[in-house]
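For reference, the chains in residue letters:
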Amino acid sequence: QQQVKQSPQSLIVQKGGISIINCAYENTAFDYFPWYQQFPGKGPALLIAIRPDVSEKKEGRFTISFNKSAKQFSLHIMDSQPGDSATYFCAASIGNAGNMLTFGGGTRLMVKP
Amino acid sequence: GAVVSQHPSWVICKSGTSVKIECRSLDFQATTMFWYRQFPKQSLMLMATSNEGSKATYEQGVEKDKFLINHASLTLSTLTVTSAHPEDSSFYICSAGGPAETQYFGPGTRLLVL
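These figures come from a predicted structure and were not determined experimentally.

Peer 1: A description of the overall build of chain A should follow, citing residues and the corresponding values.
Peer 2: For chain A, the helix and strand inventory stands at zero helices and eleven strands. Listing the helices and strands of chain A from first to last along the sequence gives β-β-β-β-β-β-β-β-β-β-β. Taken over the C-alpha trace, chain A has a radius of gyration of 13 Å; the compact-globule value for 113 residues is 13 Å, and the two agree within 12%. Across its three principal directions, the C-alpha atoms of chain A cover 40 × 30 × 20 Å.

Peer 1: Tell me about the side chain of Asp84(A), residues and numbers included.
Peer 2: All names here are of chain A. Mapped onto the elements, Asp84 comes out in the loop between strand S8 (72-77) and strand S9 (86-92). By relative accessible area, which is 5% here, Asp84 ends up buried. In terms of polar contacts, Asp84 uses its side chain to reach the side chain of Arg61, at 2.8 Å. Ignoring anything within four residues of it in the chain, the contact list for Asp84 reads Gln37, Arg61, Phe62, Ile77, Asp79, Leu109 and Val111.

Peer 1: Can you explain the side chain of Ser77(B)? Please cite residues and give values.
Peer 2: All names here are of chain B. Along the chain, Ser77 falls in strand S8 (residues 76-81). Exposure remark for Ser77: the relative accessible area of 0% places this residue in the buried category. Within polar-contact distance, the side chain of Ser77 engages the side chain of Ser50 at 3.1 Å. If sequence neighbours within four positions are ignored, Ser77 has contacts with Ile21, Glu22, Cys23, Met33, Trp35, Ser50, Ile69, Asn70 and His71.

Peer 1: Give me the lowdown on the environment of Leu76(B), citing residues and values where you can.
Peer 2: Residue and element names in this part refer to chain B. Within the secondary structure, Leu76 is located in strand S8. Along the sequence, Leu76 and Ala2 sit 74 residues apart, while their C-alpha atoms lie 14 Å from each other. Setting aside residues up to four positions removed in sequence, Leu76 forms contacts with Glu22, Cys23, Arg24, Met33, Asn70 and His71.

Peer 1: Please provide a residue-by-residue account of the sheet that holds strand S6 (residues 56-59) of chain A, values included.
Peer 2: Residues and elements named next belong to chain A. Read across the open sheet, the five strands follow the order S1-S3-S8-S7-S6; overall the sheet is antiparallel. What marks the edges here is a single partner per strand, and that holds for strand S1 (4-7) and S6. Across the sheet, the axes of successive neighbouring strands diverge by a mean angle of 15°, strand direction being ignored. Bridge analysis of S1 against strand S3 (residues 19-25) gives four bridges, and the strand direction is antiparallel. In the sheet register, Lys5 faces S3, and the bridge partner there is Ala24.

Peer 1: Go over the nonpolar core with me, naming the residues and quoting the values.
Peer 2: Counting 25 residues, the largest nonpolar core has Trp35(B), Phe67(B), Leu79(B), Tyr92(B) and Leu111(B) as the members making the most contacts within it. Every element with two or more residues in this core is listed here: strand S2 (10-13), strand S3 (19-25), strand S4 (32-38), strand S5 (44-51), strand S7 (67-73), S8, strand S9 (90-98) and strand S11 (109-113) of chain B. Judged by nonpolar contacts, the second largest core, of 24 residues, contains Val4(A), Trp35(A), Ile64(A) and Leu109(A).

Peer 1: I'd love a proper account of the interface of chain B and chain A, names of residues and values included.
Peer 2: Counting residues at the interface gives 19 residues for chain B and 20 residues for chain A. Across the chain B to chain A interface the summed buried area is about 1400 Å²; carbon plus sulfur atoms make up 58%. Counting every contact that joins chain B to chain A gives zero salt bridges. There are four residue pairs in polar contact (both at pLDDT 80 or more) connecting chain B and chain A.

Conventions used here
Residues numbered from 1 in each chain as written. Chains lettered and ligands numbered in written order. Predicted model: local features only at pLDDT ≥ 70, side-chain atom pairs only at ≥ 80, totals over all residues. Heavy atoms only, no water. Helix = DSSP H or I, 4+ residues; strand = E, 2+ residues; numbered from the N terminus. Rg over C-alpha atoms; globule rule 2.2 N^0.38 Å. Buried < 20%, exposed > 50% of the residue type's maximum accessible area, 1.4 Å probe, protein only. Polar contact = N/O pair within 3.5 Å; in protein donor to acceptor, adjacent residues only side chain to side chain. Contact = heavy atoms within 4.5 Å. Pairing = 2+ DSSP bridges. Axes fitted to C-alpha atoms, helices over the stretch in contact; angles between N-to-C directions. Core = buried A, V, L, I, M, F, W, Y, C linked by side-chain atoms within 4.5 Å. Buried area = accessible area lost by both parts, 1.4 Å probe. Salt bridge = Lys/Arg side-chain N within 4 Å of Asp/Glu carboxyl O.

This is the structure:
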């Protein structure tokens, strides 16, 4: 049973546009929601993370929006750049962020120049 | 920042041989490390949780006798793929719970079994 569902599977955005990736979770015990960026042949790198006590967190061009009642969270990439082209994974865990992560299926983002 | 390394970065081996992959936390101690497997264009699949000084916890469907995990110190966990076969070819990634309650990932090891 996939506990974290991610959409879309792939996304094409023009340079300067906004990229939006959505995730939905089932387990209400999840209380830590990170987003990871992965380039081909590399390990995932933490982009930004949020806990349920806030509805939004922004770091530079990256924003997480969190809707606890809907059990959904999303990543917004503002002013998308070709260098943002990568695969993005949402994830969720319980308690300490060093605990086991449940990953979404991933979104392959391509930003066209 | 916290860094996790993996060695080797890629390995090619013959079917039937065993391959050991090392995962090290370079500048922090990690009581818990995780091993993932990733097929092309797919998400990360957790294989096992490695706890320092104790037996690893394997996810359902992962053969513990085939994928041997040893977490002998707070900075090193190893994954040994025993009697590797072509279907074991994959991208293996480790991670470790590090500072600021964040999980850090290694760069991955690509295994190709001929």
